Amino acid sequence: MKYIYGIDIGGTTIKMGLFAEDGTLKEKWEIKTRTEDNGKNIISDIATAVKDHMKENDLTREDVIGIGAGVPGAVLEFARVNECVNLGWGSVDVAGELSKLTGCPVKATNDANAAALGEIWMGAAAKYNSAVMITLGTGVGGGIIIDGKIVDGSRGYGGEIGHMTVDPFDDRVCNCGKTGCLELYASATGIVYETKKALKKYEKSTTLKDITEVTSKDIFDAAKAGDEFAATQVDNLGKKLALAAGNIALMVDPEVFVIGGGVSKAGQILLDAINAHYKTYTFGKAQETKFVLATLGNDAGIYGAASLMLS
């Protein structure tokens, strides 16, 4: 039996997993992400954690196929990032440095791509070969996998679904610096912002008026309970996501869309809202593309990172 380490580098913690080459997760744990001093300790901390784990479990370098890493930034040639703001990094050869410190082969990719790879390897899209993952959380991320390969573009910007323009007439500025981004409407914070804005003009009764600090979960719960206002907000969200998905489908024609991230915990009501509008924004056989909920949760990144070493 040979093994792979899957690493998901986040701004607060680094998730780590040991996988058998058949995709079985044998063990997982976390270490703190030390972002001080421009994140200079992050790669050495990962290397130390891997080497310590190998020693504790009597694993030699011959037992380990390699290490896959998901990174919150654009990754070039499965190796180098030009910038990771959340980590304090400028240009860093993630794969090269981690390989040098551990003696193991290493591949890196964007963290959203890693999550998509995880779902297509061992998760909700496991029976498909082409899938697009849209992650709805504090922001909106994405990963595009076509014929088993990541579509990340010439400079690593492929799959930046959260920054697709879905409203060219809104002048509100996104964190990326442009306007009209999907993230402004479909992230957890975006859903709440849009709902609060609409609530100021809504004169009828809604249970959301009784909540001091409305969350995206409150909005979905109210919609599920039959609240007309909340249902409208969920429908508006569905339109924006359907518009983005429709455009993506006509570019890369995936077999399935996987919806993940914290907002996806809303469940079927979210898929129903997207499906209610999806066909409006596409045509032909592309209208048959399925939408499913992610199944790997926070482990998707380590699964996908590990799968890098099998390709």
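Residues numbered from 1 in each chain as written. Predicted model: local features only at pLDDT ≥ 70, side-chain atom pairs only at ≥ 80, totals over all residues. Heavy atoms only, no water.

> What should I look at first to understand the overall build of the protein in this one?
For the protein, the helix and strand inventory stands at 10 helices and 13 strands. Relative to its length of 311 residues, the protein is compact, with a C-alpha radius of gyration of 20 Å against a globular reference of 19 Å. Along the three orthogonal principal directions, the C-alpha set of the protein runs to about 65 × 45 × 35 Å. Here the protein holds 311 residues, and 52% of them are scored as buried. Restricting to contacts in the protein with at least 6 residues of sequence separation, those with at least 24 account for 60%. Of the accessible surface of the protein, which amounts to about 14600 Å², a share of 49% is contributed by carbon and sulfur atoms. Of note, the protein has its 32 positive side-chain charges centred 2 Å away from the centre of its 40 negative side-chain charges. (Helix = DSSP H or I, 4+ residues; strand = E, 2+ residues; numbered from the N terminus. Rg over C-alpha atoms; globule rule 2.2 N^0.38 Å. Buried < 20%, exposed > 50% of the residue type's maximum accessible area, 1.4 Å probe, protein only. Contact = heavy atoms within 4.5 Å. Areas by Shrake-Rupley, 256 points an atom, 1.4 Å probe, with all protein chains shown as cover. Lys, Arg positive; Asp, Glu negative; His and termini not counted. Charge placed at Lys NZ, Arg CZ, Asp CG, Glu CD.)

> Is there a simple way to think about helix H8 (residues 228–252) in this case?
Because the α-helix completes a turn every 3.6 residues, residues three or four places apart line up on one side. Here H8 is 25 residues long and its end C-alpha atoms lie 36 Å apart, about the 36 Å a rise of 1.5 Å per residue gives. For H8, the N-terminal capping position is held by Asp227, with its side-chain oxygen 3.0 Å away from the main-chain nitrogen of Phe229. Downstream of H8 by a residue or two, Asp253 has a phi angle that is positive, lying close to 50°. (Expected span 1.5 Å × (residues − 1). Polar contact = N/O pair within 3.5 Å; in protein donor to acceptor, adjacent residues only side chain to side chain.)

> When you look at the environment of Val92 in this model, what are you seeing that I'm missing?
Mapped onto the secondary structure, Val92 falls in strand S7 (residues 92–93). Under the relative-accessibility criterion, Val92 is labelled buried at 11%. Through-space distance from the C-alpha of Val92 to that of Thr289 is 38 Å; in sequence the pair is 197 residues apart. Apart from residues lying up to four places away in sequence, Val92 is in contact with Ile43, Ala79, Arg80, Val81 and Glu97.

> How do you make sense of the sheet that holds strand S13 (residues 290–293) when you look at a structure like this?
Strand-to-strand pairing in sheets goes through backbone hydrogen bonds, with the strands running parallel or antiparallel. If you trace the 5 strands from one edge of the open sheet to the other, you get S11-S10-S9-S12-S13, paired in mixed fashion. Of all the strands in the sheet, the pair left with one neighbour each is strand S11 (149–150) and S13. Two elements, strand S12 (residues 256–260) and S13, share 4 bridges in a ladder whose sense is parallel. The residue of S13 that forms the bridge with Ile259 is Leu293. Sheet contacts for helix H4 (residues 111–122): strand S9 (131–136), strand S10 (140–146), S11 and S12; angle to S10, the most-contacted strand, approximately 55°. (Pairing = 2+ DSSP bridges. Axes fitted to C-alpha atoms, helices over the stretch in contact; angles between N-to-C directions.)

> When you look at the pairing of strand S4 (residues 64–71) in this model, what are you seeing that I'm missing?
The two faces of a sheet get side chains in turn, since along a regular strand they alternate between them. For S4, the tally of buried residues reaches 7 of 8 residues, placing the bulk of the element in the interior. The sheet contact formed by strand S1 (residues 3–9) and S4 spans 6 bridges and is parallel. Bridging from a neighbouring strand, Asp8 pairs with Gly70 of S4. Two elements, S4 and strand S8 (residues 106–110), share 5 bridges in a ladder whose sense is parallel. Following the sheet pairing, Ile67 is matched in S8 by Val106.

> Please explain the environment of Asn175 as it appears in this structure.
With respect to the helices and strands, the residue Asn175 is situated in the loop between S11 and helix H5 (183–186). On a C-alpha basis, the gap between Asn175 and Gly139 in space is 9.4 Å, while along the polypeptide they are 36 residues apart.

> Looking at this structure, how should I read the nonpolar core?
Inside soluble globular proteins, nonpolar side chains tend to come together where they are buried. Grouped together as the largest cluster of nonpolar side chains are 46 residues, with contacts concentrated most on Leu136, Phe257 and Leu270. Of all the secondary-structure elements, those providing two or more residues to this core are S9, S10, H5, helix H6 (188–199), helix H7 (216–224), H8, S12 and helix H9 (268–278). A per-element tally of this core places H8 first, with 11 residues. Formed by 33 residues, the second largest nonpolar core is a distinct cluster that contains Ile67, Ala69, Cys84 and Val92. (Core = buried A, V, L, I, M, F, W, Y, C linked by side-chain atoms within 4.5 Å.)

> What is the right way to look at helix H3 (residues 94–102) in this model?
Turning to H3, its buried residues number three or more, namely Val94, Ala95, Leu98 and Thr102. Across the axial projection of H3, the buried residues extend over an arc of 90°, all falling on one side. Where H3 is buried, its residues touch helix H2 (42–56), S4, strand S6 (80–81), S7 and S8. Just downstream of H3, Gly103 is the residue with a positive phi angle, here 80°. (Arc of directions from axis to C-beta.)

> When you look at the sheet that holds S1 in this model, what are you seeing that I'm missing?
Pairing within the open sheet is mixed, and its 5 strands lie in the order S3-S2-S1-S4-S8. Strands with a single pairing partner mark the edges of an open sheet, and in this sheet they are strand S3 (25–32) and S8. Averaged over all pairs of adjacent strands, the angle between their axes in this sheet comes to 20°, without regard to strand direction. The pairing of strand S2 (residues 13–20) with S3 spans 7 bridges and is classified as antiparallel. Considered in S3, the bridge of Gly17 is made with Lys28.

> Before we go on, may I ask you to explain the state of the cysteines in this structure?
One way to say it: the disulfide is the covalent bond shared by the sulfur atoms of two cysteines. On inspection of all chains with the given rule, the structure shows 0 disulfides. For Cys174, which is in no disulfide, the shortest distance to another cysteine sulfur is to Cys181 and amounts to 3.9 Å. For Cys174, a relative accessible area of 5% gives the class buried. (Disulfide = S-S within 2.5 Å.)

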